[in-house]
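Take a look at the letters that make up each chain.
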Amino acid sequence: MNERTIALVTGANKGIGYEIAAGLGALGWSVGVGARDEQRRADAVAKLRAAGVDAFGVPLNVTDDASVAAAARLVADRAGRLDVLVNNAGVTGGMPQQPSTVSLAAVRTALETNVLGVLRVTNAMLPLLRRSPAPRIVNMSSGVGSLTRQSSSLDERDTGPLSAAYSPSKTMLNAVTIQYAKELRDTNILVNAACPGFVATDLNGFRGVRTPEQGAAVAIRLATLPDDGPTGGYFEDAGVIPW
Ligand code: NAP
């Protein structure tokens, strides 16, 4: 069995996911770079390896059953277990998203990737996570998934642009995270949701104000929780986010 801690980061070819992979790799971990595009995946693995990370490519489209099953087989063959799963892959579904005009296709796209994708990948990886001495699952959510925050003001200037697909998809991801934490409460698997802050990436046309490295920090913290760390929580750098 591989003695290094084994992590899989979905959507790790760019943005926050790439920096999560780099940060976990810097700890000496072996990091699976989950990415759907062959060239983007190979480029990211090469860049990480050049930086000294024990990175390996994992072909992975989180919306595709066969792809996810193959990814689980790849991790099993390589390591026999998985210690940390970071469900980072995400899409907005396309903006703008006024609820009165948003296309149902945009809503479906957001849910398919941000919610069903997380369920699909997590359930495929759970048998491998159960073989780890200290398994952690980190779901990359967003502060816009917080109903407490969204409902705190009806003014977009306070709570961000109307987002009838993306924001509800992250709310559902939060709800799913709680359900996993409840099911897994008597195991050693800790599962939490994270918000990276407003990060400059492709997702928002690089309008974010934080760097991907800064956005990765909360996920790295939750990936490296001690055994008595929280589960079923929702965190940003500043601390707990109200659901
Ligand atoms: P990004 O640069 O657009 O990266 C998104 C990643 O997800 C890419 O690697 C993308 O791969 C991958 N992906 C999308 N659909 C996929 C699929 N079906 N299968 C596999 N991979 C898929 O965006 P980011 O800002 O780093 O976002 C990372 C996570 O942070 C997302 O969950 C996002 O919702 C969350 N987040 C971001 C912000 C922010 O301000 N940026 C704020 C809150 C939360 P391709 O290159 O193949 O498209």
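For the structure itself, look to the data block above.
Computed from a predicted structure; not experimentally measured.

**Student:** I tried to follow the pairing of strand E1 (residues 6–10) on my own but got confused; where do I start?
**Tutor:** Where burial is concerned, most of E1 is hidden: five out of the five residues are buried. Along E1, one buried face is formed by Ile 6, Leu 8 and Thr 10 and the opposite face, lined by Ala 7 and Val 9, is buried too. As judged from the five bridges shared by E1 and strand E2 (residues 30–35), these two strands associate in the parallel manner. Residue pairing in the sheet places Ala 7 in a bridge with Val 31 of E2. For the handedness criterion, the β-α-β arrangement of E1, helix H1 (residues 15–25) and E2 is classed as right-handed.

**Student:** Would you take a moment to explain the sheet that holds strand E4 (residues 84–87) for this structure?
**Tutor:** Backbone-to-backbone hydrogen bonds pair the strands of a sheet. The strands run either parallel or antiparallel. Strand order in the open sheet formed by eight strands is E3-E2-E1-E4-E5-E6-E7-E8, with mixed pairing between adjacent strands. Each having just a single partner strand, strand E3 (54–59) and strand E8 (239–240) make up the two edges of the open sheet. One ladder, built from three bridges, connects E1 with E4; its direction is parallel. The residue of E4 that forms the bridge with Ala 7 is Val 84. The sheet contacts of helix H7 (residues 166–183) involve strand E5 (136–140), strand E6 (190–194) and strand E7 (234–236), and relative to E6 the element is tilted by about 165 degrees.

**Student:** Honestly, the environment of Gly 233 in this entry has me stumped. Any pointers?
**Tutor:** Of note, Gly 233 is situated in the loop between helix H8 (212–223) and E7. A relative accessible area of 11% means that Gly 233 is categorised as buried. Each C-alpha atom of the pair Gly 233 and Asn 174 lies 9.0 Å from the other, and the pair is 59 residues apart in sequence. If near-sequence neighbours (up to four positions away) are discounted, Gly 233 is found in contact with Val 191, Asn 192, Ala 193 and Trp 243.

**Student:** Whenever I open this one, the site of the ligand confuses me. Can you help?
**Tutor:** Inspection of the region around the ligand gives 29 residues, with Asn 13, Asn 88, Tyr 166, Val 199 and Thr 201 positioned closest. Asn 13 places a polar side-chain atom, nitrogen or oxygen, 2.7 Å from an oxygen atom of the ligand. Separating a nitrogen atom of the ligand from a side-chain N or O atom of Asn 61 is a distance of 2.9 Å. Every element with two or more residues in the shell around the ligand is listed here: H1 and H7. Grouping the amino acids of the shell around the ligand by side-chain chemistry returns eleven nonpolar, 13 polar and five charged.

**Student:** In this structure, what is going on with the nonpolar core? I would like to understand it.
**Tutor:** Looking at soluble globular proteins, one finds that nonpolar side chains tend to be buried together. If you look at the biggest cluster of nonpolar residues, it comprises 32 residues, and the most contacted ones within it are Val 9, Ile 20, Leu 24 and Leu 48. Elements with a minimum of two residues in this core: E1, H1, E2, helix H2 (38–50), E4, E5, E6 and H8. Setting aside residues up to four positions removed in sequence, Ile 20 forms contacts with Val 9, Val 86, Asn 88, Met 140, Ala 216, Ala 219 and Ile 220. Leu 60, Val 68, Val 75 and Leu 128 belong to the second largest nonpolar core, which has 27 residues in total.

About the criteria used
- Residues numbered from 1 in each chain as written.
- Predicted model: local features only at pLDDT ≥ 70, side-chain atom pairs only at ≥ 80, totals over all residues.
- Heavy atoms only, no water.
- Buried < 20%, exposed > 50% of the residue type's maximum accessible area, 1.4 Å probe, protein only.
- Helix = DSSP H or I, 4+ residues; strand = E, 2+ residues; numbered from the N terminus.
- Pairing = 2+ DSSP bridges.
- Right-handed = clockwise from strand over helix to strand, strands pointing away.
- Contact = heavy atoms within 4.5 Å.
- Axes fitted to C-alpha atoms, helices over the stretch in contact; angles between N-to-C directions.
- Near = heavy atom within 4 Å.
- Polar contact = N/O pair within 3.5 Å; in protein donor to acceptor, adjacent residues only side chain to side chain.
- Nonpolar A, V, L, I, M, F, W, Y, C, P; charged D, E, K, R; others polar.
- Core = buried A, V, L, I, M, F, W, Y, C linked by side-chain atoms within 4.5 Å.

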